[in-house]
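Here is what each chain is made of, one letter per residue.
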Amino acid sequence: MTLFRLLFRNAFRNRLRSALTILGVTVAILAFGLLRTLIGAWYAGVEASSATRLVTRNAVSLIFPLPFSYKEKIRQVSGVKSVSWGNWFGGIYIDEKNFFANYAVDPETYLSLYPEFILSPADKAVFLRDRKGFLAGRKLADKYRWQPGDTVTLRGTIFPGNWDFVLRGIYRGRDENVDESQFIFHWSYLNETLKKTAPARADQVGFYMIGVEHPDVAGEVAAAIDRMFKNSMAETLTETEKAFQLGFIAMTGAIVTAIQIVSFVVIFIIMAVVANTMAMTTRERFGEYAVMKTLGFRGKHLAALILGESLVITLLGCALGIALTYPAAALIKEKLGTYFPIFNVDAHTIYLDLAAAFLVGVVAALIPLSRAIGIRIAEGLRRIA
Amino acid sequence: MILPISYTLRNLWTRRLTTALTIAGMALVVFVFAAILMLAEGLQKTLVETGSFDNIVVIRKGAVSEVQSSVARDQAAVVETEPEIALGPEGQLLLARELVVLITLPKRVTGSPGNVVLRGIASASVTLRPQVKLVAGRRPRPGSMEMMAGISIAQRFQGGGLNETLCCGMRNWRIVGVFDAGNRGYSSEIWGDADQLMSAFRRPAYSSVIFRLRDSEGFERVKARLEQDPRLTVEFKRETKYYAEQSELMAKFLRILGLTLTLIFSLGAMIGAMITMYAAVANRTGEIGTLRALGFQRRDILMAFLMESLLLGLLGGVVGLFLASFLQLITVSTMNFQTFSELAFSFTLTPKIVISSLLFALIMGFVGGVLPAMRAARMKIVDALRTG
């Protein structure tokens, strides 16, 4: 008990310095936590993927379509429960900076494959009836203040022209991993229009989403589908939804790695700051340490004092930083929702925060500690801070 | 009287450990600051230098990149008849109808997939891009199933090396040459015969038409005339502008990310400097009193401490930049969001980045030092001498 009181008293002997150091640790922990969450946001698609969904696409690359006729063939593969299909539309709403994902999908099968999109039965019925209708996620609709019945025009980049859609429903996510900023419309609207304007591009599908009966058969089903279309005009590549999403992340791997490295740099920066504080503190107290040694305290007692003080400072800063991480993440989610639809602080991040603060506390105490232990009594008493 | 600079230098030297730790903190911030700016600069430079000013890219209206675009054969034929197109030494048109598609290839090291640009070229394509130099093997023969790969593809992707085979569109394509276009986008592409690729991928239309202008001034003329032409649904862009646009979004993303990060990080480093400077002031209270008694003005004391903190910042900036300059040896290969394809580029240090990094470091030093220096300057002579 006395040790703790001593630690706190010591830590706040120089109020300004301790307060500044704690503030520094708070900022660093906050930055570290947000960067970790940012990396988590990158992997959000992976987290949200289901083990019972497969994605089939053209083996050459995503920009090549698959024939619509594959649908029936895939449906016949044993283990396949349902098949949906769609195209990445790549439309632009007014300006390029208003980016959001927009897909043309077969609505009925797609919604049954994605039970995590929650939609009222009435809205669903209206959406399914209207070929020009679209569904928007809650966040997307909030951002642009779309009301059901509003007409929204997208400018096609892959499919030229201006495309009009009518908002028929707003979906919510079942849990916070679900992306609530997508724009989904009828594939038949796209296809029927293409039949008139660009018949060569009609009846082609960007990807098939396949629901399998059980996660265990996913591997076999994927292999069976790819085998079926081997040596055909459009060979397929079938992966679980998770592998498909991971493939996307791998492509931007360099950026994820950079953010990861940078998130550790901030820990090193704060390490230097805390080490500096501890070095100053102990230098000022060399005389004191000499007195304590004279009284019979050993090196280990001094070590406990210095280490303890360093940990008091870093852990206080860490607690403040963690407390601020949640409102900061909520703010980012609100302001930058288009770029990071999912921005949730993970429990794992908090453990990392604590580990980092602990590490900083220990490392920062090392040099001052070794100096204080090594000091000779006479020398310490003679020395003026 | 102004306090000599050696006074400041010696003060820093006496408290070596503290000085070193403060500088280390600032150096790390400057390192991150410079690194991210260098990354964004490298990306932009690579794409901007890819284009030539006198080359014109023709893509479908509304398409953002060649990959999304399609130019039908009859439209390409209309473009081909324009008088502004330059002629080569043998009287051939300096115009190439090209096909651009993406193929997925596994990386050599990790095996993870990347989207690689596959460009179907015509005979004039190489003449239009004099930056492209063959470094191994030979050029693919026109009309054959041979290809040549850019050097960053040859090094990084399976199937991209010399004499390796790529398999797509139900055919096998042999890499017969490797070319280097320096730090340009072409180094991250694979080139093969356009007509062969079109039949392999069942593409009825080209992706783009590239031509050289006879004289640079002719651009507005040909653009105005052809964009009015009812037979065409295309856009004309100078190649430099076309490639510059493809780096905008991602470079902006990197810059914003970088600035936000370094602003937050710099708080930590500024606090570090502030702690150091407050300690310096507290430890030298008696000294400050003596200096004032000797006749040095408040101004001089303020300047001396501010100099000390600015010096800390400058040293941090120099160390950070020194470390960051080694990054130039590293080449990054990642997907450009805008084109959805792999692009290799290196960290690029420009004088502008050097200046802004040093300025940033000085600002950190200033903000960290201004409050402690003011405290030192405000001290009353008597009080200061008494505490000392």
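Residues numbered from 1 in each chain as written. Chains lettered and ligands numbered in written order. Predicted model: local features only at pLDDT ≥ 70, side-chain atom pairs only at ≥ 80, totals over all residues. Heavy atoms only, no water.

The name given to chain A in an unreviewed UniProt entry is ABC transporter permease protein, with Syntrophus aciditrophicus as the source organism. Turning to chain A, the UniProt annotation filed under Subcellular location (unreviewed entry) states: "Cell membrane". (UniProt positions renumbered as here; feature names shortened; annotations may be inferred.)

Please explain the overall build of chain B as it appears in this structure.
A tally of helices and strands in chain B yields 12 helices and 12 strands. Over its C-alpha atoms chain B spans a radius of gyration of 30 Å, topping by over 25% the 21 Å that the globule rule assigns to 388 residues. In terms of principal-axis extent, the alpha carbons of chain B reach across some 95 × 45 × 35 Å. Per-residue burial over chain B gives 57% buried out of 388 residues. The contacts of chain B with a sequence gap of at least 6 include a subset with a gap of at least 24, amounting to 79%. On chain B, roughly 16100 Å² of surface is accessible, and the fraction owed to carbon and sulfur atoms is 63%. When the 42 positive and 30 negative side-chain charges of chain B are each reduced to one mean point, those points stand 10 Å apart. (Helix = DSSP H or I, 4+ residues; strand = E, 2+ residues; numbered from the N terminus. Rg over C-alpha atoms; globule rule 2.2 N^0.38 Å. Buried < 20%, exposed > 50% of the residue type's maximum accessible area, 1.4 Å probe, protein only. Contact = heavy atoms within 4.5 Å. Areas by Shrake-Rupley, 256 points an atom, 1.4 Å probe, with all protein chains shown as cover. Lys, Arg positive; Asp, Glu negative; His and termini not counted. Charge placed at Lys NZ, Arg CZ, Asp CG, Glu CD.)

Which parts of the structure should I look at to understand the packing of aromatic side chains?
Both the distance between ring centres and the angle between the ring planes are used here to describe each pair of aromatic rings. All names here are of chain A. One pass over the full model with this rule turns up 43 aromatic pairs over all chains. A centroid spacing of 6.2 Å and a plane angle of 90° characterise the contact between Phe89 and Phe165, whose relative ring orientation is edge-to-face. Remark: Phe165 occurs in strand S8 (residues 162-173) and Phe89 occurs in the loop between strand S3 (80-88) and strand S4 (102-105); sequence separation between them is 76 residues. Between Phe100 and Trp146, the aromatic rings sit 6.0 Å apart at their centres with planes inclined by 85°, giving edge-to-face as the arrangement. On the criterion of sequence distance, the pair formed by Phe100 in the loop between S3 and S4 and Trp146 in the loop between helix H7 (138-144) and strand S7 (151-155) is long-range, its members being 46 residues apart. One exposure class covers both Phe100 and Trp146, and it is buried. Linked through ring pairs, Phe89, Tyr93, Phe100, Phe134, Tyr144, Trp146, Phe159, Trp163, Phe165, Phe183, Phe185 and Tyr189 together constitute an aromatic cluster. Over the ring of Tyr114 we find Arg53; its NZ or CZ atom is 3.9 Å from the centre of that ring. (Phe/Tyr/Trp six-rings, centres within 6.5 Å; stacked < 30°, edge-to-face > 60°. Lys NZ or Arg CZ within 6 Å of the ring centre and 35° of its normal.)

Quick question: what am I supposed to make of the interface of chain B and chain A here?
By convention, interface size is frequently given as the accessible area that disappears when the constituent parts associate. Counting residues at the interface gives 57 residues for chain B and 51 residues for chain A. Summed over both sides, the interface between chain B and chain A buries roughly 4400 Å², with carbon and sulfur atoms accounting for 76% of that surface. One can count zero salt bridges joining chain B with chain A. On the surface where chain B and chain A come into contact, there are eight residue pairs in polar contact (both at pLDDT 80 or more). Elements represented by at least two residues in the side of chain B that touches chain A include exactly helix H2 (16-50), strand S2 (95-106), strand S3 (113-121), helix H8 (239-283) and strand S11 (331-336) of chain B. The biggest single contributor to the side of chain B that touches chain A is H8 of chain B, with 17 residues. When its residues are assigned to classes, the side of chain B that touches chain A shows 33 nonpolar, 17 polar and seven charged. (Buried area = accessible area lost by both parts, 1.4 Å probe. Salt bridge = Lys/Arg side-chain N within 4 Å of Asp/Glu carboxyl O. Polar contact = N/O pair within 3.5 Å; in protein donor to acceptor, adjacent residues only side chain to side chain. Nonpolar A, V, L, I, M, F, W, Y, C, P; charged D, E, K, R; others polar.)

What is the right way to look at the domain arrangement of chain A in this model?
Residues and elements named next belong to chain A. The domains assigned to chain A are domain 1 (3-46 + 252-382) and domain 2 (60-234). Taken over C-alpha atoms, the centre of domain 1 sits 48 Å from the centre of domain 2. Across the domain 1/domain 2 interface, buried area totals approximately 680 Å², and carbon plus sulfur atoms make up 46% of it. If you look at where domain 1 meets domain 2, you find zero salt bridges. Where domain 1 packs against domain 2, one counts one residue pair in polar contact (both at pLDDT 80 or more). Looking at the side of domain 1 that touches domain 2 residue by residue, the class counts come to three nonpolar, two polar and one charged. (Domains from an automatic or database assignment.)

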